[in-house]
Amino acid sequence: MNSDSRHSVRGTAIAARRWLMGGRVQGVGYRAFVFNLAQRYRLSGVVQNLTGEVLVEAQGEPGVLDAFADALISAAPPLARPHVVSCLPIPLRELNSFEILPSAVSLHAQVHVPPDNFLCDDCRREMLDPGDRRYRYPFINCTQCGPRYTLITRMPYDRPNTTMADFPLCPACRAEYEDPHNRRFHAQPLACPVCGPQLSFVAAHEYSSGDTALADCIAALRRGETVAVKGIGGYHLMCDALNTAAIARLRDSKHRPHKPLAVMFPWQGAGGLQRVRDELLLDAATEAALCDKSRPIVLIPKRADSALPDAIAPGLREIGAMLPYSPLHHLLLEYFGSPLVATSGNVSGEPVLTDNAEAEARLGKVAQSFLHHNRPIARPADDSVLRVIAGKLRLLRAGRGIAPLEFDLPFTLPQPLLAVGGHMKNAIALAWNNRAVLSPHIGDLDAPRSLEIFEQVIADLQQLYGVKAQSIVCDAHPGYASSRWAAKQGLPLYRVQHHHAHASALAFEASLDSSNFNSKVRQGGNEQVTQTVQTARQGAREEANAVSLKKWSWLIFTWDGVGLGEDDTLWGGEALLGRPGKWKRVASFKPFRLPGGERAGREPWRSAAALCWESGLAWKSNARDALLLKSAWQHGLNAPVTTAVGRLFDAASSLLGLCDTASYEGQGPMLLEAVAQGEIEAIDLPLHEDESNLLVADWTPLSHALRRDEVPVAQRAMQFHLSLAQTIVRQAQHIHAHMPFDAVGLTGGVFQNKLLAELALQQLAAAGFETYLPQQAPCNDGGLALGQLIETNCRNG
Ligand SMILES: [Zn+2]
Ligand SMILES: [Zn+2]
């Protein structure tokens, strides 16, 4: 330790230290926490927000400083994720107190944009306390809760840089805002009924505001109407989840006959889950997921005696359930007292609507009334979706509460890189230095509004994080709207094959798990040693991740709908061997021609017809259209070649009479999974190596088995799943015998299928393989952008 930083005052040595704290330390009440901590330890010094980091200086006895340093991490507020960037001894100064200095702009921004937070227990208690000045106020929040990502317009995160800029604080709120002992110290979205946002209710011949608006909304819901309710990241369409006629009207007017609708449950009983338990089969994993601070939609099996009508998720066994997360949702559900359908207020496939006037214009035919508020939403964030597969939570859609989703990279990028993702379920990602950020789910890029939001999120993420992309990576498919946009930007452009991106996203995520280093670094008495240890540990962790990313060899099954392959056919049933930057296609399925090309994605019967024709079986329809189609197919007209397992699932769903034409993406496969049941043997699909040593599985026996009408549908569906899981294991074993690898990965949209994924994981483990299925980023195209970043860097590096 530097001797001049140590003085002797009345025989006690005192020292001074400076910490730079990184990680998620802004928008989470960290400065006030440091201030109060310093007071408790009777230390003098300062705390200051830099751009994205927090500077702490404190002086006192070394032993006390050690304890203080420890608490900076271990006692941090729940939403904070601090780490020590650096810790140094500094000269002692004349200081009598601990002060909070005004924010300063630092040169090297390390911004962390916080996601939106659910209503904390303290605020909830106040909201329900008739004596509190925020009693029943739907916009109550504090440093530990409230919107962030959807409200921040610029960094640093200060009130003028949020959509609360136009709400001047009343004296009572200002006093709380300025008092470091108050739990609302510098809570940027701070508001109360006097100075903050208000509700308004709008129907054809009705207008009300404040408490009356809430009451009018409840009355409309009780009448069975659909109300568009403005929340945190956009509008929901809400109606009574127990009212079959109301649900039918909502489905009818939204032209959404079958797509499963999410349900928001009242927070009731001890732990808040009683009402959920009445309807759904909770276990420890789904319960934890529901109560997660991101308050996501969780797919949970319905009880046999559930009162929820089948119309909520026709033909499916699971319900997308969530708990109220904003104060407004808490109030709504509390007063309504029973579950509400809460589906995204959008036009099919587009991002959720956020603007009051636009919502009225575009949802006017679906909703009979609107519950608005006047706190603007800076950018949309749909609800996040999670599913428990093989006992672990898997993110299927990153949205409100989770995104922007930040990752540390095990390498340093030479310059900022933007990844624009795929076409369906689009999300984008931005990477710079050793950081990557995945945006919330944007949607399908077919509609103009989707493209608009896509461009806005790209601009916003760069602006918020203070990063300007110097190159772009897109999917190899030149027809994707994201690829076309990328090609027009005048920046160096990389193209990454769809399944290479899927595989690299998985390999990257798995490399994060491979390290067991504790991120909480304990501070010792000797600053120099501490810093060295910390740097060494962090270095070792990055190195371990880099090693596993570069050295591990993988066999990754990338099964999905379709993605443009290296040979210009449509892939989607491949296994790739290697590691990021070096993938080799080693296994696949027997290719078949898809009659009608893209239309086959929405019309599973086309895949079914193709499988029958390829197998020499008659197709069930001999209508003129079918005969014309067959002739076109025979001549290869508009019938691209594919190996996609997603299309095999489609075919199976049609052959079993479950779904000929899909009204939402993935309908056929989801129905097939839901119906599968019973004891039946798997079918060994023939495997052979083609002329280029590709191990090809032949699905022909499946098309015969699916047509065996004497076997119950449930069993045939089960046999289909079992046979595909077994194919994974047999392909893995065959390849491992010639070309050993370290682990097997499963990714691509097909593995959102819990039954298939669990069967495959079990059987792979039984065969002695290490396995990995994505958890942190979606295995569907929502995680594609992350993989594009990794693949590009590993290829170039
Ligand atoms: Zn709160
Ligand atoms: Zn106020």
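Quick caveat, the model's predicted, so the values are computed rather than measured.

**Q** Help me understand the nonpolar core, please; the structure alone is not making it clear to me.
**A** If you look at soluble globular proteins, the nonpolar side chains tend to sit buried side by side. One finds Leu290 and Trp554 to be the most contacted residues of the largest nonpolar core, which totals 79 residues. When sequence neighbours within four positions are dropped, the list of residues in contact with Leu290 reads Leu273, Val276, Leu282, Arg295, Pro296, Val298, Ile300, Ala321, Met322 and Leu323. The next biggest cluster of nonpolar side chains, apart from the first, holds 70 residues, and it includes Cys123, Tyr137, Ile428 and Phe454.

**Q** Any chance you could explain the sheet that holds strand S23 (residues 493-496) here in plain terms?
**A** Adjacent strands of a sheet form backbone hydrogen bonds with each other and so pair up, either parallel or antiparallel. Strand order across the open sheet formed by 6 strands is S18-S21-S20-S19-S22-S23, with mixed pairing between neighbours. Of all the strands in the sheet, just strand S18 (405-408) and S23 have a single pairing partner and so form its edges. Between one strand axis and the next, the sheet turns through 20 degrees on average, direction left out of account. As judged from the 4 bridges shared by strand S22 (residues 471-475) and S23, these two strands associate in the parallel manner. Counted as the bridge partner of Asp475 is Val496 from S23.

**Q** What should I look at first to understand the packing of helix H17 (residues 645-655) against helix H20 (residues 713-738) in this one?
**A** Think of two packed helices as two axes; the pair is described by the angle between the axes and how far apart they sit. Here H17 crosses H20 at 160 degrees, and the two axes come no closer than 11 Å. Classified by the angle between their axes, H17 and H20 sit roughly antiparallel to one another. With respect to the hand of their crossing, H17 and H20 are arranged in right-handed fashion. Packed against H17, whose contacting residues are Val645, Leu648, Phe649 and Ala652, the element H20 presents Phe720, His721 and Leu724 at the interface. Of the residues assigned to the contact of H17 with H20, the class counts are 6 nonpolar, 1 polar and no charged.

**Q** I tried to follow helix H4 (residues 171-178) on my own but got confused; where do I start?
**A** Helical periodicity: at 3.6 residues per turn, an α-helix aligns residues three or four positions apart in one direction. For H4, every residue scored as buried is listed here: Cys173, Glu176 and Tyr177. End-on view of H4: buried residues confined to an arc of 100 degrees, all on one side of the axis.

**Q** Which parts of the structure should I look at to understand the coordination of the zinc ion (ligand 1)?
**A** Each angle at a metal carrying four tetrahedral donors should ideally be 109.5 degrees, and each at a metal carrying six octahedral donors should ideally be 90 or 180 degrees. Protein coordination at the zinc ion (ligand 1): the donors are Cys120 (SG), Cys123 (SG), Cys142 (SG) and Cys145 (SG), at 2.2 to 2.4 Å from the metal. Coordination at the zinc ion (ligand 1) comes from 4 donor atoms whose angles at the metal span 103 to 116 degrees, giving a geometry best classed as tetrahedral. Sequence spacing of the donors to the zinc ion (ligand 1): C-x2-C-x18-C-x2-C. Like Cys145, Cys142 is buried.

**Q** It is not clear to me how the sheet that holds strand S9 (residues 227-230) should be interpreted in this structure. Could you clarify?
**A** Judged by pairing direction, the sheet is mixed, and its 11 strands sit side by side in the order S8-S7-S15-S9-S10-S14-S11-S13-S12-S16-S17 without closing on themselves. Each edge of the open sheet is held by one strand with a lone partner, namely strand S8 (206-209) and strand S17 (392-397). Two elements, strand S11 (residues 263-264) and strand S14 (residues 340-344), share 2 bridges in a ladder whose sense is antiparallel. Bridging from a neighbouring strand, Met264 pairs with Leu340 of S14. In this fold helix H10 (residues 356-363) packs onto strand S7 (199-203), S9, strand S10 (235-240) and strand S15 (369-373), with an angle of close to 165 degrees to the strand it touches most, S15.

**Q** Just to check I follow, could you spell out helix H18 (residues 667-675) for this structure?
**A** Of all the 9 residues making up H18, 7 are buried; the element is thus mostly covered by neighbouring parts of the structure. Taken residue by residue, H18 has Gln667, Gly668, Pro669, Leu671, Leu672, Glu673 and Ala674 as its buried positions.

**Q** Would you mind showing me how to read empty space enclosed by the protein here?
**A** Where empty space is left becomes clear once a probe the size of a water molecule has been rolled over the atoms. Within this structure, the stated rule accounts for 11 cavities of 30 Å³ or more. One number sums up the size of the largest cavity: a volume of about 120 Å³. Gly27, Gly29, Tyr30, Arg31 and His186 are, among the 14 residues lining the largest cavity, the residues nearest its centre. A per-element tally of the lining of the largest cavity places helix H1 (residues 30-40) first, with 3 residues. In terms of residue class, the lining of the largest cavity is made up of 6 nonpolar, 7 polar and 1 charged. Put simply, the second largest cavity is a space of about 70 Å³. As for the second largest cavity, its lining consists of Ile232, Gly233, Gly234, Tyr235, His236, Tyr325, Ser344, Val352, Ala381, Asp382, Asp383 and Arg400. Of the residues belonging to the lining of the second largest cavity, the class tally is 5 nonpolar, 4 polar and 3 charged.

**Q** Just to check I follow, could you spell out the confidence of the model for the protein chain for this structure?
**A** Detailed reading of the predicted coordinates is not advisable wherever pLDDT is low. Overall, the prediction assigns the protein chain a mean pLDDT of 91, with 94% of residues at 70 or greater. The low-confidence segment residues 1-9 (pLDDT under 50) makes 21 contacts with residues lying over four places distant or belonging to another chain. For the stretch residues 515-537, pLDDT sits under 50, and the model shows 33 contacts to residues farther than four places along the chain or on other chains.

Reading the values: rules and limits
Residues numbered from 1 in each chain as written. Chains lettered and ligands numbered in written order. Predicted model: local features only at pLDDT ≥ 70, side-chain atom pairs only at ≥ 80, totals over all residues. Heavy atoms only, no water. Core = buried A, V, L, I, M, F, W, Y, C linked by side-chain atoms within 4.5 Å. Buried < 20%, exposed > 50% of the residue type's maximum accessible area, 1.4 Å probe, protein only. Contact = heavy atoms within 4.5 Å. Pairing = 2+ DSSP bridges. Helix = DSSP H or I, 4+ residues; strand = E, 2+ residues; numbered from the N terminus. Axes fitted to C-alpha atoms, helices over the stretch in contact; angles between N-to-C directions. Parallel < 35°, antiparallel > 145°, perpendicular 65-115°, else oblique. Left-handed = near helix turned anticlockwise from the far one by under 90°. Nonpolar A, V, L, I, M, F, W, Y, C, P; charged D, E, K, R; others polar. Arc of directions from axis to C-beta. Donors = N, O, S within 2.8 Å, 3.2 Å for Na, K, Ca; no water. Tetrahedral: all angles 85-135°; square planar, octahedral: opposite > 155°, others 65-115°. 1 Å grid on protein atoms, 1.4 Å probe; cavity = no way out; pocket = protein on both sides within 12 Å on 5 of 7 lines; lining within 4 Å. Points joined across faces, edges and corners; volume = space filled by probe spheres on them. pLDDT = per-residue confidence, 0-100.

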